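In case you want the letters, here they are:
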Amino acid sequence: MQGICLAILLAVAGLAQAGTGAQEAGAEVGICYGYGCAHEGVARYGAADLANLAGRLDKARSAAEERALLGEAVGRLYRLAGRQLPVGADRGGNYLDGGVEGRMDCIDHSTSTTRLLKLLESRGALRFHRVLEPERRTRFIFQHFSAVIEELTPAERIERLPPGSALARCNCTEDGAIVEGPDGAEPPSPGERYAVDSWFVDNGEPAVVLPLAEWLNGGGPNVQ
């Protein structure tokens, strides 16, 4: 394991820093609203805002920490979008915002949140997870959609570290095994999937992040 770990570290350290210019620039993301993505506006994010979010996510030292910070990051991105688009009026669920312009249903949220997560991923801000396509759950006659992330394997995590920083941020034990968390108390669970559901909350509040299996079984805040 140690030899494999060191080999990956050396390979990552030797990579050229690609995409630096893109990471230093701002970005635009299409945000759906009006239910069923009936309308779509462009939210523009400045380089400073994106760098600030990336810096906060960079503080995560475990997948669990990254998920907690990621919920906050998604809320922040929606708050910034709400200053530019009618989605600032959106409230949790489908009924609290009545018929106001900018209201969002779960299709709007799952589509837009997936785009926001992919923006963060494309800029190297996610080190413990990859972004998947939205998932659907069906209970009785009701359907609900959510964005989804999947926990990376230890080797995939190392591949996402910036060149030259892999060894310092490996979080390995003395024998080279990669552990989860600062003290190694929580074992890694690569392949575990999580729902990132911003439909549950008002605009700008942290998205709800919970195990996908729990979400598929009806988990999450009791909103309608």
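Our structure's up above, just so we're on the same page.
Residues numbered from 1 in each chain as written. Predicted model: local features only at pLDDT ≥ 70, side-chain atom pairs only at ≥ 80, totals over all residues. Heavy atoms only, no water.

Engineer: Describe the pattern of salt bridges, naming the residues involved and giving the relevant values.
Structural biologist: Inspection of the entire model under this criterion finds 12 salt bridges. For Lys-118, the salt bridge is made with Glu-133, and the minimal N-O distance between the two is 2.8 Å. Of the two residues, Lys-118 is situated in helix 5 (residues 106-122) and Glu-133 in strand 3 (residues 129-139); the sequence distance between them amounts to 15 residues. The class for Lys-118 is partly exposed, based on a relative accessible area of 35%. On the accessibility criterion, Glu-133 (51% relative accessible area) is exposed. One salt bridge in this structure joins Arg-157 and Glu-151, with 2.7 Å as the shortest N-O distance. (Salt bridge = Lys/Arg side-chain N within 4 Å of Asp/Glu carboxyl O. Helix = DSSP H or I, 4+ residues; strand = E, 2+ residues; numbered from the N terminus. Buried < 20%, exposed > 50% of the residue type's maximum accessible area, 1.4 Å probe, protein only.)

Engineer: Summarise the environment of Ser-110; cite the residues concerned and give the values.
Structural biologist: Looking at the element boundaries, Ser-110 is found in helix 5. The spatial distance from the C-alpha of Ser-110 to the C-alpha of His-144 is 9.2 Å, given a sequence separation of 34 residues. Among all residues touching Ser-110, those that are not within four sequence positions of it are Pro-134, Phe-145, Ser-146 and Ala-147. Of the polar contacts made by the side chain of Ser-110, one reaches the backbone oxygen of Ile-107; its length is 3.3 Å. (Contact = heavy atoms within 4.5 Å. Polar contact = N/O pair within 3.5 Å; in protein donor to acceptor, adjacent residues only side chain to side chain.)

Engineer: Which residues make up the packing of aromatic side chains, and what are the values?
Structural biologist: Overall, the coordinates contain one aromatic pair when judged by the stated rule. Here the guanidinium or amino end of Arg-137 rests over the ring plane of Trp-215, the centre of that ring lying 4.8 Å away. (Phe/Tyr/Trp six-rings, centres within 6.5 Å; stacked < 30°, edge-to-face > 60°. Lys NZ or Arg CZ within 6 Å of the ring centre and 35° of its normal.)

Engineer: Let's hear about helix 3 (residues 47-57): which residues, and what values?
Structural biologist: Inspection of helix 3 places Leu-50, Leu-53 and Leu-57 among the buried residues, and these make up the whole buried set. Axial view of helix 3: buried residues confined to an arc of 60°, hence all on one face. Looking at the buried positions of helix 3, the neighbouring elements they touch are strand 1 (27-33), strand 2 (39-45), helix 4 (63-82) and helix 5. (Arc of directions from axis to C-beta.)

Engineer: Go over the packing of helix 3 against helix 4 with me, naming the residues and quoting the values.
Structural biologist: The interhelical angle for the contact between helix 3 and helix 4, taken along N-to-C directions, is 165°, at an axis separation of 9 Å. As judged from the angle between their axes, helix 3 and helix 4 are roughly antiparallel. Note that helix 3 runs across helix 4; the crossing there is right-handed. In contact with Asp-49, Leu-50, Leu-53, Arg-56 and Leu-57 of helix 3, helix 4 contributes Glu-66, Leu-69, Leu-70, Glu-72, Ala-73, Arg-76, Leu-77 and Leu-80. (Axes fitted to C-alpha atoms, helices over the stretch in contact; angles between N-to-C directions. Parallel < 35°, antiparallel > 145°, perpendicular 65-115°, else oblique. Left-handed = near helix turned anticlockwise from the far one by under 90°.)

Engineer: How would you summarise the pairing of strand 2 if you had to cite specific residues and measurements?
Structural biologist: When strand 1 meets strand 2, the two strands line up antiparallel, connected through seven bridges. Residue pairing in the sheet places Gly-30 in a bridge with Val-42 of strand 2. Hairpin connection, strand 1 to strand 2: the antiparallel pair is bridged by five residues, and Gly-34 has positive phi, about 90°. (Pairing = 2+ DSSP bridges.)

Engineer: Account for the state of the cysteines, naming residues and giving values.
Structural biologist: By definition, a disulfide is the covalent link that joins the sulfur atoms of two cysteine residues. A complete count under the given rule lists one disulfide for this structure. Note that Cys-32 is cross-linked by a disulfide to Cys-37, the S-S spacing being 1.8 Å. Across the S-S bond linking Cys-32 and Cys-37, the dihedral sits near -40°, which makes this disulfide left-handed. We classify Cys-32 as buried; its relative accessible area is 0%. By relative accessible area, which is 27% here, Cys-37 ends up partly exposed. (Disulfide = S-S within 2.5 Å.)

Engineer: Provide a residue-level description of the environment of Trp-215, including the pertinent values.
Structural biologist: Tracing the backbone shows Trp-215 in helix 7 (residues 212-216). Relative accessible area serves as the criterion here: at 0%, Trp-215 is assigned to the buried category. In this structure the C-alpha to C-alpha distance between Trp-215 and Asp-197, which are 18 residues apart in sequence, comes to 9.2 Å. Look past the residues within four positions of Trp-215 in its chain and what remains in contact with it is Glu-135, Arg-136, Arg-137, His-144, Phe-145, Ser-146, Ala-195, Asp-197, Phe-200 and Leu-210. In this structure the side chain of Trp-215 is engaged in a polar contact, spanning 2.9 Å, whose partner is the side chain of Asp-197.

Engineer: Residue-level account of the environment of Ala-25, with values.
Structural biologist: Relative to the assigned elements, Ala-25 resides in the loop between helix 2 (20-24) and strand 1. For Ala-25, a relative accessible area of 33% puts it in the partly exposed group. Along the chain, Ala-25 and Ala-48 lie 23 residues apart, while their C-alpha atoms are 8.7 Å from each other. Here Ala-25 is in contact with Ala-47, Leu-50 and Arg-123, once residues within four sequence places are set aside.

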